[in-house]
Amino acid sequence: MDGAHVERGRVASLAAALGRGVRQGGGRARAGVYAVADRIVANAPRIPVRDLATLRKQFPGLGPEEIADKLVAGAANGTSTVGAGVGAAAMLPAPPAMPTELATEIVGVASIEFKLIAELHEVYGLRAPGTVRQRATVYLSAWAEERGIDPTVPGSVNAALNVRMKRELRQQVVRRSFRNLPVLAPFMVGAAVGASMNRRDTKRLARKIRKDLRDRQVPWEALPPSPDATGEPPGAPGELPPSQPPQPPRPGPQPPQQGPQDAP
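Nothing here was measured: the structure is a model prediction, and the numbers come from that model. (Residues numbered from 1 in each chain as written. Predicted model: local features only at pLDDT ≥ 70, side-chain atom pairs only at ≥ 80, totals over all residues. Heavy atoms only, no water.)

### Focus on the overall build of the chain
At step 1: In terms of regular secondary structure, the chain is built from eight helices and zero strands.
At step 2: Counting from the amino terminus, helix and strand elements in the chain follow one another as α-α-α-α-α-α-α-α.
At step 3: For the chain, with 264 residues in total, the buried portion stands at 33%. (Helix = DSSP H or I, 4+ residues; strand = E, 2+ residues; numbered from the N terminus. Buried < 20%, exposed > 50% of the residue type's maximum accessible area, 1.4 Å probe, protein only.)

### Topic: the pattern of salt bridges
At step 1: Using the criterion set out here, one finds 10 salt bridges in the structure.
At step 2: When the shortest N-O distance is used, the salt bridge between R214 and E65 registers 2.9 Å. Note that R214 is positioned in helix α8 (residues 189-215) and E65 in helix α3 (residues 64-89), a separation of 149 residues in sequence.
At step 3: Exposure remark for R214: the relative accessible area of 38% places this residue in the partly exposed category.
At step 4: The partner of E119 in a salt bridge is K115, with the nearest N and O atoms 3.0 Å apart. Highlighted residues: E119 and K115, both in helix α4 (residues 98-123), separated by four residues, approximately one helical turn.
At step 5: The exposure class of E119 is buried, given its relative accessible area of 2%.
At step 6: Among the charged side chains, a salt-bridge network with shared partners connects E65, D69, R210 and R214. (Salt bridge = Lys/Arg side-chain N within 4 Å of Asp/Glu carboxyl O.)

### A short note on empty space enclosed by the protein
Leftover empty space is mapped by rolling, across the atoms, a probe with the size of a water molecule.
At step 1: Counted according to the given criterion, the structure contains one cavity of 30 Å³ or more.
At step 2: Of the volumes computed, that of the largest cavity is approximately 30 Å³.
At step 3: Residue lining of the largest cavity: I40, N43, A44, I47, V107, A110, S111, F114 and L140, and that is the complete set.
At step 4: Sorting the residues of the lining of the largest cavity by element identifies α1 (2-43) and α4 as the ones contributing at least two each.
At step 5: Here the lining of the largest cavity is composed, by residue class, of seven nonpolar, two polar and no charged. (1 Å grid on protein atoms, 1.4 Å probe; cavity = no way out; pocket = protein on both sides within 12 Å on 5 of 7 lines; lining within 4 Å. Points joined across faces, edges and corners; volume = space filled by probe spheres on them. Nonpolar A, V, L, I, M, F, W, Y, C, P; charged D, E, K, R; others polar.)

### Some remarks on unusual backbone geometry
At step 1: Phi at E146 is positive, roughly 55 degrees, even though this residue is not glycine.
At step 2: Looking at the secondary structure, you find E146 in the loop between α5 (132-145) and α6 (154-158).

### A look at the confidence of the model for the chain
At step 1: When pLDDT is averaged along the chain, the result is 73, and 57% of the positions lie at 70 or above.
At step 2: By mean pLDDT, the top-scoring element of the chain is helix α2 (residues 52-58) (96), and the lowest-scoring one is α6 (57).
At step 3: Scored below 50 in pLDDT, residues 92-97 makes four contacts in the model with residues more than four places away or belonging to other chains.
At step 4: Counting interchain partners and residues more than four positions distant, the pLDDT-below-50 stretch residues 228-246 has four contacts. (pLDDT = per-residue confidence, 0-100. Contact = heavy atoms within 4.5 Å.)

### Describing α5
The periodicity of an α-helix, 3.6 residues per turn, causes residues three or four places apart in sequence to face the same way.
At step 1: If you check α5, its first and last C-alpha atoms are 20 Å apart, about what 14 residues at 1.5 Å a residue would give, namely 20 Å.
At step 2: One or two steps after α5, the chain reaches E146, where phi turns positive at roughly 55 degrees. (Expected span 1.5 Å × (residues − 1).)

### A look at the nonpolar core
At step 1: I40, L71 and L120 are the most contacted members of the largest nonpolar core, which totals 43 residues.
At step 2: Of the residues forming this core, the biggest block, 10 residues, is contributed by α4.
At step 3: Residues contacting L71, with those up to four places away along its chain left out, are R50, L55, F59, L116, E119, L120 and V123. (Core = buried A, V, L, I, M, F, W, Y, C linked by side-chain atoms within 4.5 Å.)

Spelled out as structure tokens, the structure:
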């Protein structure tokens, strides 16, 4: 009987230890997800987003769909490069910690796809209202939900400015973490898989966003003129405005020229 009691005590102790380990592991995983999500939120307002006027200058003569194709191709190449780089890092003799590598990839991919989503909204004439930080929050919500926002419907914008956005963002981070695990496969398999998966996922996200935006697209000619946000004259920052050509003299009697002898 004493032996049975001792054995049951050992089993109970082992079960309690396993339970503590699971709880601690779950706590660390949640903390990691929160940290990645917070980093994505902090980075978003700092990501340079080209407005419609800049995009039209960089892609002269192209329409909305053609510019959108260019943006998607560039973003897919960028996320593919990130995936290949993380997969190659897993082959190092002393590879970095897996959670760090996954977090780095998710943040890098999120930054590229965030920029893509923001610029697609510009191309389709559906820029989110508000300040840079408010627009960043809205576009992060679009990234987390994988859908385009409708700036004409207050609910679609206001919903992105509350706690729901952070919850959906964390869920997206968890989904990306599980999808990106094959990137850490050995023998350079992870590099090829990471590049292919990221390219595929970015294109899939772009298709969903473009479908939503295309249904609500505002033609460029119907958009109000965007005022110069900097207040600078035309030209490069700090550049003087172009000089005006000399004006011809007006017809009519001209005042007499004062010579040196007429000076007081």
